[in-house]
Amino acid sequence: MTLDQIDKNKTALITKLDTSGVLLKKFYDMGFIEGSQITLIRKSPLNDPIEVKISSYHITLRIQEAKCIKVRYE
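Along each chain, numbering runs from 1 in the same order as the chain's sequence is written. In keeping with the model being predicted, local features are shown solely for residues with a pLDDT of at least 70 and side-chain atom pairs are shown and tallied solely at 80 or more, while totals for entire chains, interfaces and linings include all residues. Hydrogens and water molecules were not included; the side-chain quantities draw on all heavy atoms of the structure.

A. The arrangement of the sheet that holds strand 5 (residues 69-73) in detail. Pairing within the open sheet is antiparallel, and its 5 strands lie in the order 4-3-2-1-5. Each edge of the open sheet carries a strand with a single partner, namely strand 4 (57-61) and strand 5. On average, adjacent strands in this sheet sit at an angle of 40° to one another, irrespective of strand direction. By this definition, two strands are paired if DSSP reports at least two bridges between them. Every helix listed is a DSSP run of H or I at least four residues long, and every strand listed is a run of E at least two residues long, numbered separately from the N terminus. As defined by bridge partners, strand 1 (residues 11-17) adjoins strand 5 across 5 bridges and the pair is classed as antiparallel. Bridged to Leu17 within strand 5 is Ile69. Between N-to-C directions, angles span 0 to 180 degrees; the directions come from axes that are lines fitted to C-alpha atoms, helices contributing only their stretch in contact.

Take a look at the structure:
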């Protein structure tokens, strides 16, 4: 399952970042690391972008970016 598919206010674990290059570096810089907990806070009315919480940070991601993040429920 990918990050854009989890339910609102549910926490999941990041299992894989399915990207490379600049986007992978961007994810690592923002704290998206395998094994980290991530929570979907809200989706915009058209479902793009989405707001997530990782560690104590709230981050907004585009749906295309969220589809690169593989997750599983705890």
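Moving on, there is more to tell.
B. Here's a closer look at the environment of Lys53. On the secondary structure map, Lys53 appears in strand 3 (residues 50-54). Note on Lys53: relative accessible area 33%, which makes it partly exposed. When the C-alpha positions of Lys53 and Gln37 are compared, they lie 8.5 Å apart, and in sequence the two are 16 residues distant. Contact partners of Lys53, with chain neighbours within four places excluded, come to Gln37, Ile38, Thr39, Ile41 and His58. Whether a residue is buried, partly exposed or exposed follows from its accessible area with a 1.4 Å probe, protein chains only, as a fraction of its type maximum: under 20%, in between, or over 50%, in that order. In what follows, a contact means two residues having at least one pair of non-hydrogen atoms within 4.5 Å.

C. Highlighting the pairing of strand 1. One ladder, built from 3 bridges, connects strand 1 with strand 2 (residues 37-43); its direction is antiparallel. Within strand 2, the position partnered with Ala12 by the bridge is Ile38.

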